[in-house]
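# Inside the fold
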Amino acid sequence: MSEGKSHLNFIEEIIEDDLRNGKHGGRIHTRFPPEPNGYLHIGHVKAITINFELAKKYGGKTNLRFDDTNPTTEDTEYVEGIKNDIRWLGYEWEEQALYASDYFEQLYNYAIQLIEKGLAYVDDSTAEQIAEMKKTPTEAGIESPYRSRSIEENLELFKAMRAGKFEDGSRVLRAKVDMTSPNMHMRDPVIYRIKHEHHHRTGDAWCIYPMYDFAHGQSDSLEGITHSLCSLEFTHHRPLYDWFIEKLEIFPSRQIEFARMNVTYLITSKRKLLKLVEEGIVTGWDDPRMPTIAGMRRRGYPPAALRMFCEKAGVAKRDNLIEIELLESCVREELNRTSIRAMVVTDPVKVLITNYDPAIGEELPAENNPEDPTAGERTMSFSNELYIERDDFMEDPPKGYFRLFPGGSVRLKHAYIITCNEVVKDESGQVTELRCTYIPESKSGADTSGLKVKGTLHWVDAKTAIEGEIREYDKLFTDPTPAGHDDKDVFDFINPASLNINRKARFERAVAAAKEGDSYQFMRKGYYTADRDHSENHPVFNSTVNLKESFKVQKA
RNA sequence: UGACCCAUGGUGUAACGGUAGCACUACAGAUUUUGGUUCUGUCUGUUAAGGUUCGAAUCCUUAUGGGUCAACCA
């Protein structure tokens, strides 16, 4: 049986082509190369899934390599966070994690080789002078006066740089490429700089550090990476990437660029994300409103949903802006399949069942997940005093409203049909209690009443329900592309109501057993996930995503 | 006045010279003890102009639009 068309993306086509041609003996090896200077976000999720899934699909391997060539910004704290996030996403890398810093000695030797070939030189110019001599994209650059230094002098100076003889910024090592190239990265790029700084792994062993362009390609090559996948903004680096491989005559890894993912209402600038944290607009890197992996995890987005999202978003080279609705759809799809249902009344109004004996109560069975029979069932307490959702009652309902109203009947899910007979209000006109009667013959699963009602409501037993907290999250920004305005800053679009803490909620008893990270569907409301602040006696849930609603209650 | 990349419904992504498909969204309808799920259906698309060809979203040319590149960041 045919599985239908395969719909390869352009990277898969390249890979299958390579496989057909027997390139690298059919070996596929990718890598995910984060810099350990911050937390991973939704954009990284795409890079992670592309690298790991491609290797998985073609029987290859994926390395995790920390691109730690700049000691100024990097820290081991981030290394652990990143590893944790990748594992949580469901991926495991080859062997142990690798580090560009493991190759410092080898990279240094590569630099020596380049100097010996007359392809690199030590430049004493200042950063400003170098920038000036590079000129602009539309104007050819000019050569540095130090460009013609002898190989011997370059060797001597570079060794002295390593030996710590010079101050930060006083000299750099540059590759001798082409100052007139239309590609700015080919205009004698700086490949080593002096930084007398402590490195999170190599400590004080080095005071010169390779630049990205001199570390990345060679690291790929050393690891035998066959397909080095990165985002489009590195396209201009590719000629340089290839140049070093060619001149050093090392394993030819191939760089392939894809468009990074943009999602409406989300930002992925590390700098701006950091500012949100620092300004206290969010509570931290793992605030459930953050587009970080840590934030999405705390929000309750399942890893499978994130993977599904990236797969559905696809891989191509054109700029894209994916609607957040696709992400939410993936989250719902996953959670609908897997999450246990519970009844939680978020804005309670009391219901008194006047014909139900206040002295007794009963335990009613309730299925845990209609999508999954193996999820079993639980029981819910029922008595003459209940709570229902304030939204589920209207004294003067519009047509099309099939919840509760005076004289109307609804089914209480897993329980009985009730009819509203009397509305009790306080001085301000606020409804305080609904007096109803129930139909004893209408019990769920044993309904002999023959009655049909249109509405089914969720409810909790007032006597046994637990009070707790729901943190309702909305979008952090009011604009779909907060970072896409030249005249405005992302901070001009902060949604002042992105967090609403609800302390009125009443939870059915079963949710008390939730553990941090457990997701539930609060029936007819949405998906919610137990926060780390959750406890048995005081439930605390984060709203993950609402259920789709095809009916909106119009407010008077 | 540069180089490089890109252009398919509202959004994302397929179609590899031969019926423009899938998903999300939106809107209908069916089912439903969740106004959820599921099912069915509908709406909306090849940036433009030339050229090659029996035939072009696909190949060529030009135009238009968008993006990227000038850190001792990655």
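Up top is the structure.
The paragraphs below set out a description of the structure included in this document.

## Some words on the sheet that holds strand β17 (residues 417-425)
If you trace the 7 strands from one edge of the open sheet to the other, you get β19-β16-β17-β18-β12-β15-β20, paired in mixed fashion. Unpaired on one side and paired on the other, β19 (456-457) and β20 (459-461) mark the two borders of the sheet. Of the strand pairs in this sheet, strand β16 (residues 409-412) and β17 are connected by 3 bridges, and their pairing is antiparallel. Residue pairing for β17: Arg411 is matched across the bridge by Ile417.

## A look at the protein's contact with RNA strand B
Taken together, 66 residues sit near RNA strand B, with His7, Glu13, Arg341, Arg403 and Ser444 positioned nearest. When the atoms of RNA strand B within 4 Å of the protein are sorted by group, sugar and phosphate make up 59%. At a separation of 2.7 Å, a sugar or linking oxygen of RNA strand B approaches a polar side-chain atom of Lys413. Within the side chain of Lys548, a nitrogen or oxygen atom sits 3.5 Å from a phosphate oxygen of RNA strand B. For the surface near RNA strand B, the secondary-structure elements that each account for two or more residues are α5 (127-134), β6 (190-194), α11 (303-313) and α12 (324-338).

## Comments concerning the nonpolar core
Core analysis: the biggest nonpolar cluster contains 46 residues, and Ile11, Phe32, Ile48, Ile86 and Phe309 have the highest contact counts within it. The set of elements that each furnish at least two residues to this core consists of α1 (10-20), α2 (42-57), β2 (61-66), α3 (76-89), β9 (254-258), α10 (293-299), α11 and α12. Ranked by the residues each element gives to this core, the list is headed by α2, at 7 residues. Here Ile11 is in contact with Ile50, Leu54, Leu229, Ile256, Phe258 and Val315, once residues within four sequence places are set aside. Ala120, Phe166, Met186 and Phe244 belong to the second largest nonpolar core, which has 37 residues in total.

## What about the pattern of salt bridges?
Tallied over the entire structure, the rule returns 43 salt bridges. The network of salt bridges with shared partners includes Asp286, Arg298, Glu469, Arg471, Arg503, Asp531, Arg532 and Asp533.

Parameters at a glance
Residues numbered from 1 in each chain as written. Chains lettered and ligands numbered in written order. Predicted model: local features only at pLDDT ≥ 70, side-chain atom pairs only at ≥ 80, totals over all residues. Heavy atoms only, no water. Pairing = 2+ DSSP bridges. Helix = DSSP H or I, 4+ residues; strand = E, 2+ residues; numbered from the N terminus. Near = heavy atom within 4 Å. Polar contact = N/O pair within 3.5 Å; in protein donor to acceptor, adjacent residues only side chain to side chain. Core = buried A, V, L, I, M, F, W, Y, C linked by side-chain atoms within 4.5 Å. Buried < 20%, exposed > 50% of the residue type's maximum accessible area, 1.4 Å probe, protein only. Contact = heavy atoms within 4.5 Å. Salt bridge = Lys/Arg side-chain N within 4 Å of Asp/Glu carboxyl O.

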